[in-house]
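# Overview (structure and organization)
Residue-level listing of the chains:
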Amino acid sequence: FDVARYVPQVDAVIALDTMLRRKKVFLDALTVYVDAHPGWPRVDTARRVLDMVDPLAESPMETRLRLLLLAAGLPRPTSQYKVMATAQDGRRRFIARLDFAYPEFRLALEYDGDHHRDRTTHRFDMERQNDLHVLGWTVLRFHADDVLRRPGQLVGKVRAVLRKAGWS
């Protein structure tokens, strides 16, 4: 409750995403607690922070990426989206789990931390991206410099692809 009220917004969302993912707190319980204390200082701030949290966020940088998109007025992406495809035999098969997706526009957003430089991980990423491309998905990959040093360019790229896909 105090993190949501007093910690700077981005840091508060990062902290709460982490706590939610690790099941140290639960969003329903936290929301009930906030609603039960309407007269407390900065409770409106806490509500705004809770509206931005995502228990599926897997890293602080994923949270930062999501918050950039929201701050720019872009739609909230779906976190940890699973892409499935139907094989020739009619069975559904798993293709990929995406950090973020706009499924209706077939746009995938991936945050690549340093571990994606590992040879095996890089090969896996390339194969997965090719599989997604065959299914009609556009994949945008971002790293720390994009999120921290070039946020305007990052948002511009996402906005351009969404518009090209029909978002207005």
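Placed above this text is the structure.
We now turn to the structure provided with this report. Just so you know, these numbers come straight off a predicted model, no measurement behind them. (Residues numbered from 1 in each chain as written. Predicted model: local features only at pLDDT ≥ 70, side-chain atom pairs only at ≥ 80, totals over all residues. Heavy atoms only, no water.)

This part takes up the sheet that holds strand β1 (residues 78–86). Across the sheet, which stays open at both edges, the four strands sit in the order β1-β2-β3-β4 with mixed pairing between neighbours. Each end of this open sheet is capped by a strand with a single partner; those strands are β1 and β4 (138–142). Neighbour to neighbour, the strand axes of the sheet diverge by 40° on average, direction disregarded. Relative to strand β2 (residues 92–102), β1 runs antiparallel, the two being bridged by eight bridges. Each residue of the ladder has a partner; that of Val 83, found in β2, is Ala 96. Its contacts with the sheet place helix α6 (residues 119–134) against β1, β2, β3 (107–111) and β4, and it is angled at close to 95° to β2. (Pairing = 2+ DSSP bridges. Helix = DSSP H or I, 4+ residues; strand = E, 2+ residues; numbered from the N terminus. Axes fitted to C-alpha atoms, helices over the stretch in contact; angles between N-to-C directions. Contact = heavy atoms within 4.5 Å.)

We now examine the environment of Leu 154. Tracing the backbone through its elements, the reader meets Leu 154 in helix α8 (residues 151–164). Considering only alpha carbons, one finds Leu 154 and Ala 12, 142 residues apart in sequence, at a separation of 22 Å.

On to α6, then. Along an α-helix, residues three or four positions apart point the same way, because every turn accommodates 3.6 residues. Over its 16 residues, α6 runs 23 Å from end to end, which matches the ideal 22 Å to within 8%, given 1.5 Å per residue. Buried residues along α6 sit against β1, β2, β3 and β4. Two residues or fewer after α6 comes Gly 136, characterised by a positive phi angle close to 95°. (Expected span 1.5 Å × (residues − 1).)

Looking at where Asp 17 falls in the secondary structure, it is placed in helix α2 (residues 9–21). Residue Asp 17 is classed as buried on the basis of its relative accessible area, which comes to 1%. A polar contact of 2.9 Å, which involves the side chain of Asp 17, links it to the side chain of Arg 66. In this structure Asp 17 touches Val 53, Asp 54, Ala 57, Thr 63 and Arg 66, once residues within four positions along its chain are discounted. (Buried < 20%, exposed > 50% of the residue type's maximum accessible area, 1.4 Å probe, protein only. Polar contact = N/O pair within 3.5 Å; in protein donor to acceptor, adjacent residues only side chain to side chain.)

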